Amino acid sequence: MKLGVVGGSGLYEMEGLEVGKLERVSTPYGPPSADYRVGRYQDVEVVFLPRHGVPHSIPPHRVNYRANIFGFRELGVTQILSISATGAVNPDLKPGALVLLDQIVDLTSGRETTFFDGPRIHHVDFTVPYCSEMQDIIEMAGKETGVPLQRGGTYVCTNGPRLETAAEIRLYSGFGADVVGMTGMPEAVLARELEICFGALSVVTNMAAGLTVGRLTTREVVGSMRDAHKKLSVLLTGSFRSLCLRPRSCDCGSALRDSSL
Ligand code: HPA
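Residues numbered from 1 in each chain as written. Predicted model: local features only at pLDDT ≥ 70, side-chain atom pairs only at ≥ 80, totals over all residues. Heavy atoms only, no water.

### Digging into empty space enclosed by the protein
Evaluated as defined, the whole model comprises 1 cavity of 30 Å³ or more. Taken as a whole, the largest cavity encloses approximately 40 Å³ of empty space. Contributing to the lining of the largest cavity are Ser82, Ser84, Leu101, Tyr130, Tyr155, Gly184, Glu187, Phe198 and Ala200. Of the residues that constitute the lining of the largest cavity, the class distribution is 5 nonpolar, 3 polar and 1 charged. (1 Å grid on protein atoms, 1.4 Å probe; cavity = no way out; pocket = protein on both sides within 12 Å on 5 of 7 lines; lining within 4 Å. Points joined across faces, edges and corners; volume = space filled by probe spheres on them. Nonpolar A, V, L, I, M, F, W, Y, C, P; charged D, E, K, R; others polar.)

### Describing the site of the ligand
The ligand sits among Ala85, Thr86, Gly87, Leu163, Glu164, Val180, Gly181, Met182, Thr205 and Asn206. Measuring from a nitrogen atom of the ligand, one finds a backbone N or O atom of glycine 87 at 3.3 Å. Within the complex, 93% of the 260 Å² of free accessible area of the ligand lies under protein. Every element with two or more residues in the shell around the ligand is listed here: strand E5 (79-88), strand E10 (179-181) and strand E11 (197-207). (Near = heavy atom within 4 Å. Polar contact = N/O pair within 3.5 Å; in protein donor to acceptor, adjacent residues only side chain to side chain. Areas by Shrake-Rupley, 256 points an atom, 1.4 Å probe, with all protein chains shown as cover. Helix = DSSP H or I, 4+ residues; strand = E, 2+ residues; numbered from the N terminus.)

### Considering the environment of leucine 245
Its location among the elements puts leucine 245 in helix H5 (residues 218-245). Given the relative accessible area of 53%, leucine 245 is considered exposed. As for leucine 245 and histidine 123, which are separated by 122 residues in sequence, their C-alpha atoms are 30 Å apart. (Buried < 20%, exposed > 50% of the residue type's maximum accessible area, 1.4 Å probe, protein only.)

### Some points on a nonpolar patch on the surface
Together, Leu107, Leu171 and Phe175 make up an exposed nonpolar region whose accessible area comes to about 270 Å². Here leucine 171 is to be found in helix H3 (residues 166-175). (Patch = residues over 30% accessible without salt bridge, like charges linked within 9 Å, V, L, I, M, F, W, Y side chains within 5 Å. Salt bridge = Lys/Arg side-chain N within 4 Å of Asp/Glu carboxyl O.)

### Examining the layout of surface pockets
In this model, the second largest pocket occupies a volume close to 280 Å³. Taken together, 14 residues make up the lining of the second largest pocket; nearest its centre are Asp125, Arg192, Asp251, Cys252 and Ala255. Counted by class, the lining of the second largest pocket contains 6 nonpolar, 3 polar and 5 charged residues.

Given below as structure tokens:
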């Protein structure tokens with residue numbers, strides 16, 4: 001299965017990954033965030049996309065999520081792994097922790113959230129928003145490479161670009177949220193609508209608002225992301241082959257079945 005990775009800029013500089021060519025893709029939804037970077041890791045091909053553009057210039061609420069996901073499909077990608085920075089809502093998580101997400105709460109607004117705007121209508125099942133087969137493989141790679149990660153976590157997606165208030169974080173904690181970020185939706189549901197498997201790994205870059213003294217700064221977020229880069233590379237490269245070579249027996253590939261009137 002062909003793998004796509006969407007993440008922050010810099011990720012395609014992972015050790016062991018040779019970036020071959022850049023692919024510009026045009027879509028009916030406008031341009032994706034950047035050219036896709038088609039890379040080779042050992043004997044498998046991986047396609048990267050920096051979500052915020054190159055240089056980092058597209059804020060979370062302006063990312064063209066439809067174009068990004070559609071573009072992956074145009075390149076033949078059948079599974080996407082999304083990497084994102086998050087704040088810890090669960091106080092047991094600390095900066096540097098990696099969380100393999102299994103649930104999401106969508107609090108975004110004003111984003112294009114579907115490929116089915118009519119006349120074709122689909123209501124895709126989203127009970128389990130992430131592909132559990134991808135999660136199994138990444139969890140296993142964590143064990144094999146000795147990179148600690150938490151399997152399972154609920155992500156609250158805010159609209160941004162502002163950070164949250166302390167009261168909002170208390171509310172999300174009441175929902176059972178583990179982490180908060182701004183980019184997880186609608187990426188996940190758009191992949192489901194195109195029957196692409198979707199997995200998400202979140203990097204905790206800071207304690208969320210009110211769980212720390214003082215202001216949250218982007219320097220802290222960027223610094224933690226940089227610190228996590230090495231173990232993230234080890235984990236990802238440890239997962240790539242198994243992800244690409246896996247037989248697909250999940251339900252993601254038939255997400256549209258029984259979803260229209
Ligand atoms: N809140 C929202 N998004 C984020 C955060 C946060 O604390 N950290 C990194 N992305």
